[in-house]
Amino acid sequence: MAASAAPAAGRRLRIPRRWGFLLRRLGFYLAATWSAITLNFFLPRMMPGDPSAAIVEKLQAVSGQQMSPSAMESVQKVFGNPHANIFRQYVDYLVQLAHFDLGISISNYPTPVTSLLRQGLPWTMLLVGVTTVIAFVLGTGIGAMAGWKAGSRFDAIVSPLTTFVSAVPYFWMALVGLWFFAFQLDWFPLSGGYDADLSIGFSPSFVLSVLHYGALPAATIVFSAFGGWLLGMRNMTVTTVREDYVLLAQAKGLSGRRVMLRYAARNAVLPNFTGFTLALGHVVGGALLTEVVFNYPGIGYLLYTSLQQRDYPVMQGVFFLITLTVLLANLLADSVYVLLDPRIREGG
């Protein structure tokens, strides 16, 4: 018994390679999250101005009276006590984050930053999130067909046209679409996310209004974004159809559709899928241009107005939200890709 127990005691607990890879990546992203939180704390404090002084000036202008020292001290505590020790401020900031407290908005005082983010986030997720999925599905599907029929008339028309569309700056395309379809033809509203005369809810009239206001910005996003997915999928499919397993499937007499979907496209989509998961992480931050051009009430427009008004707590909250979504998307991409592609976990 002793002899048999000795080898068992000497055995080391071995973690499968795929889980070891994911654990290392998780450790990296935890460190990256801490670094982003720390930068998010110090950067606003390196900028000129004092949020508490700004709100005191605003309140005194509205009331027409000087604030008492005790009231000014209370305002300073609300906005992070900027005159306290920097280490104490940092600890208080971490405690606030642990309680999901991002502070009070200066331009919308006394509204909490989390309330503003909750108001803007659904609009951004609805517009940019849905259009990202649509652009990915359209671009990947058409790109697979173009790559499978490389050199055909379909490929000769689609690929150069898509290259031209992808080279056009998005802001220019959005402005042209706004001028032509909203200003000249009056098919769509010029700005906003819904009819201001309607109350927010799930009534048919409000839903139709949201779809009407969001149709033009959504169309410009899809039109400018699907070309990148198409070209990437087309080029990967052209490379994949020359692989031995695809030629073997064709030699077996399988239908062209089955070979394209089950053998060629299934393997060619891996890089596009990784890019898609990363694009989902940029949904929140990538909405800035769209929402500014169309005055759409999302996170991007909230960031734009907070920059104009030097609303540091809101800027800090938006940057934190963008950082968190990007890091989570990268972690998701690593997790999914290591499960889809065995070469990653074997090399990890």
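Residues numbered from 1 in each chain as written. Predicted model: local features only at pLDDT ≥ 70, side-chain atom pairs only at ≥ 80, totals over all residues. Heavy atoms only, no water.

1. Some thoughts on the overall build of the protein chain
For the protein chain, the count of helices and strands is 15 helices and zero strands. Sequence-distant contacts in the protein chain: of pairs separated by 6 or more residues, those separated by 24 or more amount to 72%. Of the accessible surface of the protein chain, which amounts to about 20300 Å², a share of 66% is contributed by carbon and sulfur atoms. (Helix = DSSP H or I, 4+ residues; strand = E, 2+ residues; numbered from the N terminus. Contact = heavy atoms within 4.5 Å. Areas by Shrake-Rupley, 256 points an atom, 1.4 Å probe, with all protein chains shown as cover.)

2. Topic: the packing of aromatic side chains
By the definition in use, this model includes 14 aromatic pairs. The interplanar angle of 15° and the centroid separation of 5.4 Å between the aromatic rings of Trp-123 and Tyr-194 together place this pair among those described as stacked. Of the two residues, Trp-123 is situated in helix α6 (residues 113–148) and Tyr-194 in the loop between α8 (170–184) and α9 (204–240); the sequence distance between them amounts to 71 residues. Of the residues examined, Trp-123 reaches a relative accessible area of 11% and is grouped as buried. (Phe/Tyr/Trp six-rings, centres within 6.5 Å; stacked < 30°, edge-to-face > 60°. Buried < 20%, exposed > 50% of the residue type's maximum accessible area, 1.4 Å probe, protein only.)

3. Observations regarding the pattern of salt bridges
All told, the structure shown has two salt bridges when counted by the stated rule. Residues Asp-92 and Arg-88 are paired through a salt bridge, measuring 3.4 Å at the closest nitrogen-oxygen approach. Here Arg-88 and Asp-92 lie together in helix α5 (residues 86–98), a separation of four residues that amounts to about one turn. Judged by relative accessible area, Arg-88 falls into the exposed class, the value being 52%. Arg-234 serves as the salt-bridge partner of Asp-155, at 2.7 Å between the closest nitrogen and oxygen. Here Arg-234 lies in helix α9 and Asp-155 lies in helix α7 (residues 153–167), a separation of 79 residues in the sequence. Each member of the pair Asp-155 and Arg-234 is classed as buried. (Salt bridge = Lys/Arg side-chain N within 4 Å of Asp/Glu carboxyl O.)

4. Focus: unusual backbone geometry
In this structure, Asp-186 is a non-glycine residue whose phi angle is positive, near 60°. Structurally, Asp-186 is set in the loop between α8 and α9. By relative accessible area, which is 60% here, Asp-186 ends up exposed. Backbone geometry at Asn-295 places phi at a positive 50°, although glycine is not the residue there.

5. Some points on the side chain of Thr-140
Secondary-structure assignment places Thr-140 in helix α6. Thr-140 sits in the buried class, given a relative accessible area of 10%. Polar side-chain contacts of Thr-140 include one of 2.8 Å to the backbone oxygen of Phe-136. With residues near it in sequence (within four places) discarded, Thr-140 still touches Trp-229, Met-233, Val-269 and Asn-272. (Polar contact = N/O pair within 3.5 Å; in protein donor to acceptor, adjacent residues only side chain to side chain.)

6. Quick notes on α7
Its 15 residues place the ends of α7 22 Å apart at the C-alpha level, agreeing with the 21 Å of an ideal helix rising 1.5 Å per residue. Listed as buried for α7 are Asp-155, Val-158, Ser-159, Thr-162 and Val-165. Looking down the long axis of α7, one finds its buried residues gathered within 135° of arc, a one-sided arrangement. Facing away from the buried surface of α7 by more than 90 degrees, the exposed residues are Arg-153, Ala-156, Ile-157, Leu-161, Phe-164 and Ala-167. (Expected span 1.5 Å × (residues − 1). Arc of directions from axis to C-beta.)

7. A short note on α6
Residues separated by three or four positions in an α-helix point in the same direction, a consequence of the helix having 3.6 residues per turn. Here α6 is 36 residues long and its end C-alpha atoms lie 50 Å apart, about the 52 Å a rise of 1.5 Å per residue gives. If you look at α6, its biggest bend is around 30°, right at Gly-120, and the proline Pro-122 turns up within four residues after that. (Bend = angle between axes of the 7 residues up to and from the residue.)

8. Re the packing of α8 against α9
Their axes nearest at 10 Å, the elements α8 and α9 cross at an angle of 140°. Taken together, the axes of α8 and α9 are oblique relative to one another. Crossing of α8 against α9: the hand is right-handed. Taking contact as the criterion, the partners of Tyr-170, Met-173, Ala-174, Gly-177, Leu-178, Phe-181 and Ala-182 in α8 are, on α9, Leu-216, Pro-217, Thr-220, Ile-221, Phe-223 and Ser-224. (Axes fitted to C-alpha atoms, helices over the stretch in contact; angles between N-to-C directions. Parallel < 35°, antiparallel > 145°, perpendicular 65-115°, else oblique. Left-handed = near helix turned anticlockwise from the far one by under 90°.)

9. Some remarks on the nonpolar core
One finds Leu-97, Leu-102, Leu-117, Ile-299, Leu-302, Val-314 and Val-318 to be the most contacted residues of the largest nonpolar core, which totals 20 residues. Those elements giving two or more residues to this core turn out to be α2 (17–46), α5, α6, α13 (299–308) and α14 (312–340). Take this core: its biggest share by element is eight residues, from α14. Trp-123, Val-128, Ala-218 and Val-293 belong to the second largest nonpolar core, which has 16 residues in total. (Core = buried A, V, L, I, M, F, W, Y, C linked by side-chain atoms within 4.5 Å.)

What is shown is where atoms sit, not what they do.
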